[in-house]
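These are the residues of each chain, in order.
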Amino acid sequence: MIDIHCHILPGIDDGAKDMAEALALINLAVEDGVKRIVVTPHLHFGRFDNYLSVIESSFLALQQAVDKEKIQVELAYAAEVRLDSEIISLLANKQLPLYGSYNNQQFMLLEFPHSHIPAGSDILVKHLLKKNITPVIAHPERNRDLLKSPNKIKTFVDLGCWFQVTAASITGGFGDECQALALSYIEQGFVNIIASDAHNLKRRPPLLGAARSKITAIFGEEKSQQLFYDNPYNITASLFVKK
Ligand SMILES: [Fe+2]
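The structure presented is a predicted model; accordingly, all values stated were derived computationally and were not measured.

### Some thoughts on helix H2 (residues 52–69)
One turn of an α-helix holds 3.6 residues; hence residues three or four places apart share an orientation.
Point 1. Between its first and last C-alpha atoms H2 spans 26 Å; for 18 residues at 1.5 Å apiece the expected length is 26 Å, and the two agree.
Point 2. Listed in full, the buried residues belonging to H2 are Leu52, Ile55, Ser58, Phe59, Leu62, Ala65 and Val66. Buried positions in H2, seen along its axis, are confined to an arc of 150° and lie on one side of it. Exposed residues pointing more than 90 degrees away from the buried face of H2 are listed as Leu60, Gln64 and Lys68.
Point 3. Among the residues trailing H2, Lys70 stands out with phi positive, at a value near 55°.

In C-alpha cells form, the structure reads like this:
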C-alpha cells in the first residue's frame, strides 16, 4: 500500500514531535504493509508556515535517519494545503508543494476547515484547475457542512476534484456519522484515495490494513486496489523518480 497523507515530518506541525516518533510511525506503517509514504505536513498560513524550503530540509533529515536505520520504505513529500487565497501567489511563485503529475495534471492535497466549506472555495478550485492542478480534497467525510448536507460535495465532484477519505473513518475511529458518510461517498464513486492522515502513534496511527480489509469486504478487491494502491501510486509516482 501507499500512504499519501500523513504528518510524519518531525516538529513542523501537529504530527510527529521528534525524529524518534517519526521513525516509530514509519516502522508501524511498514509493519502494516505500507511500501511508499508521501509525507504531507500542514501548510496552514499563519499557523504552520511550512513553505517548500522548510519541508525540504525537514524531509532531508528524515530521509537520512531512515537510511541510517535501514528501514525498507520509499519516501517523498508534498503538503496538506489549507484553503487560502495565499495559494494563488505561492502557485505563481512555484512555491506550492504538490503531488506529482499524471495525465497532464498535477495534484494538490487541499484541506477545507473542518467546520465548513468557505464561500468562494469553488472559485479557488476553478483557478487551480485552470492551471492544470487537480485538488485532492482531504477527508470530506469529516467536514461538518458535508455531514449535514452530503450533497454539497457535488459542486466539487462536478468540477473534477479528487477526494481522499481517512482510513480511520472507514473503521469507525471518527464515529458512526463519518463512517457512514465515507462509505456512502465511496459507494457513489466520488472517492479516489484512502490514506491514514497519521499524526501520532496512539490516537491517529499510520494504519491502512484494517480499512483495506473492510473496503475489500464491502466493495471488492478491485475497488480496494484502486483506492489503496493504483490512484495514490499514479498521482505520486513522479515524486519517486530518482534525479
Ligand atoms: Fe492531515
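### Focus: the environment of Thr155
Point 1. Structurally, Thr155 can be placed in helix H6 (residues 154–159).
Point 2. Assessed through its relative accessible area of 40%, Thr155 is described here as partly exposed.
Point 3. Sequence-wise, Thr155 and Leu23 are 132 residues apart; in three dimensions their C-alpha atoms are separated by 39 Å.

### Regarding the coordination of the iron ion
Each pair of donors in an ideal four-coordinate tetrahedral metal site encloses 109.5 degrees, whereas pairs in an ideal six-coordinate octahedral site enclose 90 or 180 degrees.
Point 1. The iron ion binds to the protein through His5 (NE2), His7 (NE2), Glu80 (OE) and Asp197 (OD), with metal-donor distances spanning 2.1 to 2.2 Å.
Point 2. Because the angles between the 4 donor atoms bound to the iron ion fall within 84 to 171°, the donor set is best described as irregular.
Point 3. When the donor residues of the iron ion are listed from N- to C-terminus, their spacing reads H-x1-H-x72-E-x116-D.
Point 4. Overall, His5 belongs to the buried group, its relative accessible area being 0%.

### Observations concerning the pattern of salt bridges
Point 1. Under the counting rule described, the total for this entry stands at 8 salt bridges.
Point 2. For Glu21, the salt bridge is made with Lys17, and the minimal N-O distance between the two is 3.9 Å.
Point 3. Judged by relative accessible area, Glu21 falls into the buried class, the value being 13%.
Point 4. What makes Lys17 exposed here is its relative accessible area of 64%.
Point 5. Of the charged contacts in the structure, one is a salt bridge between Arg212 and Glu221, with a shortest N-O distance of 2.5 Å.
Point 6. Exposure remark for Arg212: the relative accessible area of 18% places this residue in the buried category.

Definitions and cut-offs
- Residues numbered from 1 in each chain as written.
- Predicted model: local features only at pLDDT ≥ 70, side-chain atom pairs only at ≥ 80, totals over all residues.
- Heavy atoms only, no water.
- Helix = DSSP H or I, 4+ residues; strand = E, 2+ residues; numbered from the N terminus.
- Expected span 1.5 Å × (residues − 1).
- Buried < 20%, exposed > 50% of the residue type's maximum accessible area, 1.4 Å probe, protein only.
- Arc of directions from axis to C-beta.
- Donors = N, O, S within 2.8 Å, 3.2 Å for Na, K, Ca; no water.
- Tetrahedral: all angles 85-135°; square planar, octahedral: opposite > 155°, others 65-115°.
- Salt bridge = Lys/Arg side-chain N within 4 Å of Asp/Glu carboxyl O.

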